[in-house]
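Residues per chain, in single letters:
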2 protein chains.
Amino acid sequence: MKEDRCLELGRQLCFPLYAASREVVRKYKPFLDELGLTYTQYIVMLVLWEEGKISMQELGNRLYLDSGTLTPLLVKLEEKGLVEKARNEKDVREIIVSVTDKGVGLKVQAREIPGKIGKCLNISVIEAVQLKKILNKILE
Amino acid sequence: MKEDRCLELGRQLCFPLYAASREVVRKYKPFLDELGLTYTQYIVMLVLWEEGKISMQELGNRLYLDSGTLTPLLVKLEEKGLVEKARNEKDVREIIVSVTDKGVGLKVQAREIPGKIGKCLNISVIEAVQLKKILNKILE
DNA sequence: TTGGAATTAATTGTGTACAATTAGTTTATT
DNA sequence: AATAAACTAATTGTACACAATTAATTCCAA
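All of these numbers come straight from a predicted model, not from anything done at the bench. (Residues numbered from 1 in each chain as written. Chains lettered and ligands numbered in written order. Predicted model: local features only at pLDDT ≥ 70, side-chain atom pairs only at ≥ 80, totals over all residues. Heavy atoms only, no water.)

(A) View of the overall build of chain A. When helices and strands are tallied, chain A shows seven helices and three strands. Secondary structure elements of chain A occur, N-terminal to C-terminal, as α-α-β-α-α-β-β-α-α-α. Each principal axis of the C-alpha atoms in chain A carries an extent, and together these give about 65 × 35 × 25 Å. Long-range contacts, defined as pairs at least 24 residues apart, comprise 50% of the intrachain contacts of chain A with a sequence gap of at least 6. Put simply, chain A shows about 7500 Å² of open surface, and 52% of that area lies on carbon and sulfur atoms. (Helix = DSSP H or I, 4+ residues; strand = E, 2+ residues; numbered from the N terminus. Contact = heavy atoms within 4.5 Å. Areas by Shrake-Rupley, 256 points an atom, 1.4 Å probe, with all protein chains shown as cover.)

The following block contains the structure:
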């Protein structure tokens, strides 16, 4: 039987993907703590800052998250006064999530974050572009 | 005030990292289900297949996980009969984790997995090499 | 050598992820 | 219109992640 080098941790592609993802989320933490947001709550806010309002369905599609994750998370954002939920009158099964004035206000503080994170990651702009392109290919 | 395009989801680097990581772990699931392992349990087994035995501390360093994650996870692997825990006689604070015969036996089934995952990811070998290199730079 | 600092794994508590199920609503077919 | 199929968010249950604390042990400096 041949050697099983293929199972060595150092040979895996997905392990650095998994580890780097957690590492980068960790880097966000001090900045997000100032906003009182977790990373997942932050990406929900990113979508809402961009769209203003969005159905829960569409929100899940954008973030690759399901109702099991989003339902309790939106409850927390609602408790913080950052978002509001309403039923779609045309189809009451649908929940429409919209950002509140307070939620919009938080955007000002958030604006600094992407730049700060960029400085933390010790990769070049070229590598960042390459990385993003490959990751999006995986997601496609 | 200038436009805040920097907060658009499509401009983020870390979001595709986070999303792709979860996506790839999802791809493992059907294969790992056959072994009765979760993804995190699988990477612990990767280390143990490679090392035979390792201290909990070192295991955490390799996987970027702490005792809060590892302690309950190792209990589950122990219940499955795949690993054993023992105290280091020289320093009883230290836990030494070692793979059992049954654990080693599982390696045979696992050997197929990296190849199967490779086929699922629709990226080229060159892109995979690039990706791994950049991710390791982030982790370094 | 002894008492404080450091180390280690376990514990506790919060917040995701996600599979699977449920309950209510809408759509489509007869 | 009646009913089956499809759809939607909520719920339930399991398993991470990780910060913070705890308890036991070891190290180290006076």
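(B) Representation of helix α1 (residues 14–35) of chain B. Residue and element names in this part refer to chain B. Between its first and last C-alpha atoms α1 spans 31 Å; for 22 residues at 1.5 Å apiece the expected length is 32 Å, and the two agree. Along α1, the largest kink reaches about 45° and is centred on Lys 29; proline Pro 30 follows within four residues of it. Residue Gly 36 follows α1 closely and has a positive phi angle near 70°. (Expected span 1.5 Å × (residues − 1). Bend = angle between axes of the 7 residues up to and from the residue.)

(C) Broad picture of the environment of Val 75 of chain B. By the secondary structure assignment, Val 75 of chain B is in helix α4 (residues 67–79). Assessed through its relative accessible area of 31%, Val 75 of chain B is described here as partly exposed. (Buried < 20%, exposed > 50% of the residue type's maximum accessible area, 1.4 Å probe, protein only.)

(D) View of the interface of chain B and chain A. Each partner contributes to the interface: chain B provides 54 residues, whereas chain A provides 54 residues. The contact between chain B and chain A buries some 5500 Å² in all, and 69% of this surface belongs to carbon and sulfur atoms. Counting across the interface, chain B meets chain A through two salt bridges. Measuring nitrogen to oxygen at the nearest pair gives 3.0 Å for the salt bridge that ties Glu 127 of chain B to Lys 137 of chain A. Here chain B is connected to chain A by eleven residue pairs in polar contact (both at pLDDT 80 or more). Of all elements in the fold, only α1, α2 (39–51), α3 (56–63), α5 (101–110) and α7 (125–139) of chain B reach the threshold of two or more residues within the side of chain B that touches chain A. (Buried area = accessible area lost by both parts, 1.4 Å probe. Salt bridge = Lys/Arg side-chain N within 4 Å of Asp/Glu carboxyl O. Polar contact = N/O pair within 3.5 Å; in protein donor to acceptor, adjacent residues only side chain to side chain.)

(E) Geometry of the relation of the copies chain B and chain A. With an axial shift of 0.0 Å and an RMSD of 0.0 Å, the rotation relating chain B to chain A amounts to 180°. In the structure described here, the two chain copies are related by an operation that fits a two-fold rotation axis. Comparing interface residues between copies, 100% of those in chain B also lie at the interface in chain A; the contact surface is shared. (Least-squares fit on C-alpha atoms with pLDDT ≥ 70 in both.)

(F) Seen up close, the packing of helix α2 (residues 39–51) of chain A against helix α4 (residues 67–79) of chain A. Residue and element names in this part refer to chain A. α4 packs onto α2 with a crossing angle of 80° between their chain directions and a minimal axis gap of 11 Å. What the angle tells us is that α2 and α4 run roughly perpendicular. Within the contact between the two elements, α2 uses Thr 40, Gln 41, Val 44 and Met 45 and α4 uses Leu 70, Leu 73, Leu 74, Lys 76 and Leu 77. Residues belonging to the contact of α2 with α4 are distributed by class as follows: six nonpolar, two polar and one charged. (Axes fitted to C-alpha atoms, helices over the stretch in contact; angles between N-to-C directions. Parallel < 35°, antiparallel > 145°, perpendicular 65-115°, else oblique. Nonpolar A, V, L, I, M, F, W, Y, C, P; charged D, E, K, R; others polar.)

Geometric values such as these leave the question of function open.
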